[in-house]
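What follows is the residue order along each chain.
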Amino acid sequence: MKKISLFIALLILSSNLSARENPFEPTQTYNEEVARLMEIDESYPDEFDNQEKYYIKEIQDNMKANSINKDTKASNEKKEPEVLTEEKVKKLITQAQQKTVSETKKIVKELKELKPEEIIYVKPRTDVSYEKEILPFLKLEYTNEKLQLQSKYKVFKKFTLPNKNKMILDFYANENFYTIREDLNSTNFTKITVGNHKKDKFFRVVVELSDTPLNYEVTYDDNQVTIYKLEQM
């Protein structure tokens, strides 16, 4: 049909280009061309005119068939899902138990290979001496074994209290100060307290002990008082 349309267009064009007195009168050439085209139309059926459509349809059908074949093949190639049987479940449980036992043995082995931490016990030193000026007129010096008080004032009284681990010393003095308390870094002497009795013209020193006063001894010099811890038999 496309060829017939083309010939008709060419024929009309050539007819328009021909110079004649009556442009609407068909020429001999036009009549002959129309007859020839009708012969062609009768000799070639419509299937030849639509051969392009058939070709496209054939390609589309082939592509569709190939796609169906590929999908079918892919579907056939899919693996069936694995079914967990009782035997497989038992096997998995056994594997997990074996793994746990293996890891436990490894940890125990590592713990055995670790060396125990070495602990060194240091015996407290008895020769370490501490000094402190409690008041301008009272100086303290002590170790684990003894305690010394140095003062320009003299002791006039020494006593203890029942069921109390304390040693009490009174010094003559006419001083003015507030009560002082000090913790001691010693195994046998734990604390010292100095209080003033200004009205009675003396001050008192109380030494707290770690043991009963019976296990201590007190000595006096001119300007010094010493308290010793007795060795236990």
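Residues numbered from 1 in each chain as written. Predicted model: local features only at pLDDT ≥ 70, side-chain atom pairs only at ≥ 80, totals over all residues. Heavy atoms only, no water.

### A look at the packing of aromatic side chains
What counts here: Aromatic pairs are defined between Phe, Tyr and Trp rings, using the six-membered ring for Trp, whenever the two ring centres lie within 6.5 Å; interplanar angles under 30 degrees are classed as stacked, those over 60 as edge-to-face, and all others as tilted. Numbered from the N terminus, helices here are DSSP runs of H or I no shorter than four residues, and strands are runs of E no shorter than two. Only protein chains enter the accessibility calculation, which uses a 1.4 Å probe; a residue whose area is less than 20% of its type maximum is buried, one above 50% is exposed, and one in between is partly exposed. Two conditions define a charge sitting above a ring: the NZ of Lys or the CZ of Arg must be within 6 Å of the ring centre, and it must be within 35 degrees of the ring normal.
All chains considered together, the criterion is met by ten aromatic pairs. Pairing Tyr130 with Tyr142 gives two aromatic rings, centres 5.2 Å apart and planes at 25°, and the pair type is stacked. A residue pair is termed long-range when its members are at least 10 positions apart, and Tyr130 in strand β1 (residues 130-135) and Tyr142 in strand β2 (residues 138-142) qualify at twelve residues. Look at Tyr130 and you get partly exposed, because its relative accessible area is 31%. Ring plane angle 75° and centroid distance 6.2 Å describe the contact between Tyr153 and Phe203, whose orientation is recorded as edge-to-face. Of this pair, Tyr153 sits in the loop between β3 (146-151) and β4 (155-159) while Phe203 sits in strand β8 (residues 202-209), and the two are 50 residues apart along the sequence. A residue is classified by how much of its surface remains accessible, and Tyr153, at 18% relative accessible area, is buried. Residue Phe203 is classed as buried on the basis of its relative accessible area of 0%. Ring pairs connect the aromatic residues Phe137, Tyr153, Phe171, Phe177 and Phe203, which therefore count as one cluster. Looking at Lys157, its charged tip hangs above the ring of Phe159, at a distance of 5.0 Å from the centre. The residue whose ring lies beneath Lys229 is Tyr216, and the NZ or CZ to ring-centre distance is 5.5 Å.

### Focus on the environment of Tyr172
As a reminder of what qualifies: Residue contacts follow a heavy-atom distance rule, with two residues in contact if any of their heavy atoms lie within 4.5 Å.
Mapped onto the secondary structure, Tyr172 falls in strand β5 (residues 166-172). Taking the C-alpha atoms as reference points, Tyr172 and His197, separated by 25 residues in sequence, lie 9.7 Å from one another. Once you skip the residues sitting within four places of it in the chain, Tyr172 turns out to touch Tyr153, Lys154, Phe156, Lys201 and Phe202.

### Things to note about the side chain of Asp170
The criterion, for reference: Polar contact is the term for a pair of N or O atoms within 3.5 Å; when the atoms are in protein, one must be able to donate a hydrogen and the other to accept it, and sequence-neighboring residues count only if both atoms are side-chain atoms.
Locating Asp170 in the fold gives a position in strand β5. Within polar-contact distance, the side chain of Asp170 engages the side chain of Arg204 at 2.7 Å. Excluding anything up to four places from it in sequence, Asp170 contacts Lys154, Val155, Phe156, Lys157, Phe159, Phe202, Phe203 and Arg204.

### Things to note about the pairing of strand β6 (residues 180-183)
Which entries qualify depends on this criterion: Being paired, for any two strands, means DSSP has found at least two bridges between them.
One ladder, built from four bridges, connects β6 with strand β7 (residues 189-197); its direction is antiparallel. The residue of β7 that forms the bridge with Arg181 is Thr193. Turn length for the β6-β7 hairpin, with the two strands adjacent in sequence and antiparallel, is five residues.

### Some thoughts on the nonpolar core
What counts is decided by this rule: Residues belong to one nonpolar core when they are buried, are Ala, Val, Leu, Ile, Met, Phe, Trp, Tyr or Cys, and are joined through side-chain atoms within 4.5 Å.
Leu147, Phe203, Val205, Val207 and Ile227 are the most contacted members of the largest nonpolar core, which has 27 residues in total. Those elements that place two or more of their residues in this core are β1, β2, β3, β5, β7, β8, β9 (216-220) and β10 (224-229). Broken down by element, the residue count for this core peaks at four residues, all from β8. Beyond its immediate sequence surroundings of up to four residues, Val205 is in contact with Leu138, Leu149, Met167, Ile168, Leu169, Phe171, Ile192, Thr193 and Val194.

### Thoughts on the pattern of salt bridges
Convention followed: When a carboxyl oxygen of Asp or Glu is within 4 Å of a side-chain nitrogen of Lys or Arg, the pair counts as a salt bridge.
Taken as a whole and assessed by the stated rule, the structure comprises four salt bridges. Here Glu182 and Lys132 are joined by a salt bridge, their closest N and O atoms 3.9 Å apart. Placement of the pair is Glu182 in strand β6 and Lys132 in strand β1, with a sequence separation of 50 residues.

### Considerations on the sheet that holds β5
The strands that make up a sheet pair up through hydrogen bonds in the backbone, lying either parallel or antiparallel. Basically, it comes down to this: Orientation is described by axes fitted as lines to C-alpha atoms, over the contacting stretch for helices, and by angles from 0 to 180 degrees between their N-to-C directions.
Here five strands make up an open sheet; going across it, the order is β4-β5-β8-β7-β6 and the pairing antiparallel. The open sheet has two edge strands with one neighbour each: β4 and β6. Geometrically, the sheet is characterised by an average inter-axis angle of 15° between neighbouring strands, direction not taken into account. Bridge analysis of β4 against β5 gives four bridges, and the strand direction is antiparallel. The residue of β5 that forms the bridge with Lys157 is Asp170.

So far we have only geometry, and geometry alone does not tell us how the molecule works.
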